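For reference, the chains in residue letters:
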Amino acid sequence: MRTPGEGQSAVLHRVVRRKKRSCIILKLTGYRWYRTEIISNRDPVKGVEKMNQTGKLLFLGAMILTLLAAGCATAPPPKEENVFYPPPPALPRVQFLTSLTRAKDVEGQKPGFEAFITGIKESSQRLDKPYGIAMYEGKIYVCDTNDRVFVFDLNRNTFGPLEGGKGRGKLIQPININIDKDGTKYVTDPIRGQVVVFDRNDQYLKAIGTPGKWKPVDALPYEGRVYVADIDHSEIKVFDAATGEMVKNFGSTGEKFEAILDMPVNLAFDSKGYLYVSDAGKFQVVKFDRDGHFISTIGKLGLNVGHFQRPKGIAIDKEDRIFVVDASFFNVQVFNRDGQNLFFFGQGGTGPGTLILPAGIAIDHDNIKYFEKYVAPNFAIEYLVLVTSQFGDRSVNVFAFGKEKGTKYPTDEELLEQLKERLLRQVREKPAEGETATEAEKPAGGN
């Protein structure tokens, strides 16, 4: 008889004890003993068959228990480190919470036992090159510029394409999405050449504009009208939201050079009804009233704080702070209503709180509950800021705007005064032209 040490999965039968009409046998298969019973010692063949069946059942049971234990032991993804902006020692105003990219970020990793029993594999769907973003009633809508809008449903913990994005609602290159108070969604598709409108339930409703006549890149509903950035004609077109008829256009001409748009890419309204246009071609944000009259500009081409290289997404909070994404700086700059820079957040990289070619941005006050578990205990959140990165494994980055609990913060006006004082101090301390640093540091009248 061969032994287990000879390399084959040997089968040994050992009689443990005998009864009058039966005996208990241990079966060694694959180096493991199984207990079974031969029903009749008068018929050893039937007894061995019974033993084999019982051994298989015991083995299958052991496998199921092992998979069940592995499934139950599946650990949730670790919570990421707390990242704040501005960084210490400055008082924090923004905390990075989490990022979303693929199905398992909301659906979770399927336990091994569930996958084994059902045969259902984890979804491989993920965002590829996201741009525009919006949130409504627990759903995050993201324009993937390949050919569809994806939806992270935080109520059902699912991820998938927009339900109405097929048939008449099929998209070719969705760039931006904005959602009205009633849940109506406006998606701009410059290749299709239309603003595609979906209802509260994500079903196709209608399309605005004539294909081939323009290139809409952002559409923003406001008081019964839809303001659309047409990058092909460097202007803003205004449509009646009910009829889809164009009622006016502006931005392509003006008395001042600053008032003439070049590459309008994103739009936002403040609480007073002023329209802000992110102009990537002139490296600035242009402010109009709702009728299209030029008011002012924010920023210019440059490398300093308050300057722009590639301004893209824009959003405005309830206090009329203006958030502008810059794809070249890999950050978001925050301005007050007068266009003065308050601070910025984000930086290039792959870790928590970093951005790679950021594009879209959205501010949300109504869905904080879905992300409260990520907020640091000593940080009081006021609202969410969602920013997309076009590359990398952090496609949707969720930030919290707020304050450190129990800490008195300066007002925006006081913050600006402090900034001015620091700048003046730097100017006074800077050596005059042609003067050495040693000479500048000498006290007046000193040798």
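Placed above this text is the structure.
Residues numbered from 1 in each chain as written. Predicted model: local features only at pLDDT ≥ 70, side-chain atom pairs only at ≥ 80, totals over all residues. Heavy atoms only, no water.

Consider a sheet: its strands pair through backbone hydrogen bonds, and that pairing is either parallel or antiparallel. Overall, antiparallel pairing links the four strands, which are arranged 18-19-20-21 in an open sheet. Both outer strands of the open sheet, strand 18 (264-269) and strand 21 (294-298), are each paired with one neighbouring strand and no more. Here the strands of the sheet are splayed against their neighbours by 25 degrees on average, with no regard to which way each runs. The pairing of strand 18 with strand 19 (residues 275-279) spans five bridges and is classified as antiparallel. Bridging from a neighbouring strand, F269 pairs with L275 of strand 19. (Pairing = 2+ DSSP bridges. Helix = DSSP H or I, 4+ residues; strand = E, 2+ residues; numbered from the N terminus. Axes fitted to C-alpha atoms, helices over the stretch in contact; angles between N-to-C directions.)

Residues I140, F152, F371 and V396 are the most contacted members of the largest nonpolar core, which totals 25 residues. Only strand 5 (94-100), strand 6 (130-136), strand 7 (139-144), strand 8 (148-153), strand 27 (379-389) and strand 28 (396-404) provide two or more residues apiece to this core. Look past the residues within four positions of V396 in its chain and what remains in contact with it is T98, S99, L100, L127, I133, V142, F152, L386 and V387. F323, L342, F343 and V385 belong to the second-largest nonpolar core, a separate cluster that totals 21 residues. (Core = buried A, V, L, I, M, F, W, Y, C linked by side-chain atoms within 4.5 Å. Buried < 20%, exposed > 50% of the residue type's maximum accessible area, 1.4 Å probe, protein only. Contact = heavy atoms within 4.5 Å.)

Turning our eyes to something else, we now look at the pairing of strand 7. Across the six residues that make up strand 7, a large majority, five, are buried. Two elements, strand 6 and strand 7, share five bridges in a ladder whose sense is antiparallel. Residue pairing across strands places M135 opposite I140, the latter belonging to strand 7. The hairpin formed by strand 6 and strand 7 contains two residues between the paired strands, and E137 there has a positive phi angle of roughly 50 degrees. Bridge analysis of strand 7 against strand 8 gives six bridges, and the strand direction is antiparallel. Its bridge partner being in strand 8, I140 is matched across the sheet by F152.

This part is about the sheet that holds strand 14 (residues 216-222). Pairing in this open sheet of four strands is antiparallel, and the strands run 14-15-16-17 from one edge to the other. Every interior strand has two partners, whereas the edge strands, strand 14 and strand 17 (246-250), have only one. Along the sheet, successive strands turn relative to each other by an average axial angle of 20 degrees, direction set aside. Pairing geometry for strand 15 (residues 225-230) and strand 16 (residues 235-240), over six bridges, is antiparallel. Looking at strand 16, one finds that V226 is bridged to F239.

With that out of the way, let us pick up the pairing of strand 12 (residues 194-198). Counting buried positions along strand 12 yields five of five residues, so the element is predominantly enclosed. Both faces of strand 12 are covered, namely the face carrying Q194, V196 and F198 and the face carrying V195 and V197. Direction of pairing for strand 11 (residues 185-189) relative to strand 12: antiparallel, over a ladder of five bridges. Bridge pairing in strand 12 links D189 to Q194. Between strand 11 and strand 12, which pair antiparallel one after the other, the connecting turn spans four residues, and G193 there sits at a positive phi close to 75 degrees.

Applying the stated criterion across every chain yields a total of 19 aromatic pairs. On the basis of an interplanar angle of 55 degrees and a centroid distance of 5.8 Å, the ring pair of F308 and F335 is categorised as tilted. One end of the pair, F308, is in the loop between strand 21 and strand 22 (311-316); the other, F335, is in strand 24 (residues 331-335), with 27 residues separating them in the sequence. On the accessibility criterion, F335 (1% relative accessible area) is buried. Ring pairing ties together the aromatic residues Y85, F96, F323, F343, F345, Y383, F399 and F401, which thus form one cluster. The lysine or arginine in question, K282, covers the ring of F257, its NZ or CZ lying 3.6 Å from the ring centre. (Phe/Tyr/Trp six-rings, centres within 6.5 Å; stacked < 30°, edge-to-face > 60°. Lys NZ or Arg CZ within 6 Å of the ring centre and 35° of its normal.)

Throughout the structure, instances matching the rule amount to 15 salt bridges. Where R200 meets E137, a salt bridge forms, and the shortest distance between an N and an O atom there is 2.6 Å. Separated by 63 residues along the polypeptide, R200 in the loop between strand 12 and strand 13 (204-208) and E137 in the loop between strand 6 and strand 7 bring together distant segments of the chain. When its relative accessible area of 43% is taken as the criterion, E137 is described as partly exposed. A salt bridge links R321 to D317; the nearest nitrogen and oxygen atoms lie 2.9 Å apart. (Salt bridge = Lys/Arg side-chain N within 4 Å of Asp/Glu carboxyl O.)

Here we come to unusual backbone geometry. The peptide bond linking Y85 to P86 adopts the cis configuration, its omega dihedral lying at -10 degrees. Counting through the fold element by element, P86 comes out in the loop between strand 4 (83-85) and strand 5. Positive phi values are uncommon outside glycine, yet S234 reaches one of about 50 degrees. Its location among the elements puts S234 in the loop between strand 15 and strand 16. Residue S234 is classed as buried on the basis of its relative accessible area, which comes to 17%. One non-glycine residue, L357, adopts positive backbone phi at about 50 degrees. Looking at where L357 falls in the secondary structure, it is placed in the loop between strand 25 (341-345) and strand 26 (358-364).

Examined against the element boundaries, A134 turns out to sit in strand 6. The spacing of A134 and N178 is 44 residues in sequence and 6.0 Å in space, taken between C-alpha atoms. Dropping the residues within four chain positions of it, A134 is found in contact with K139, I140, Y141, I177, I179 and A362.

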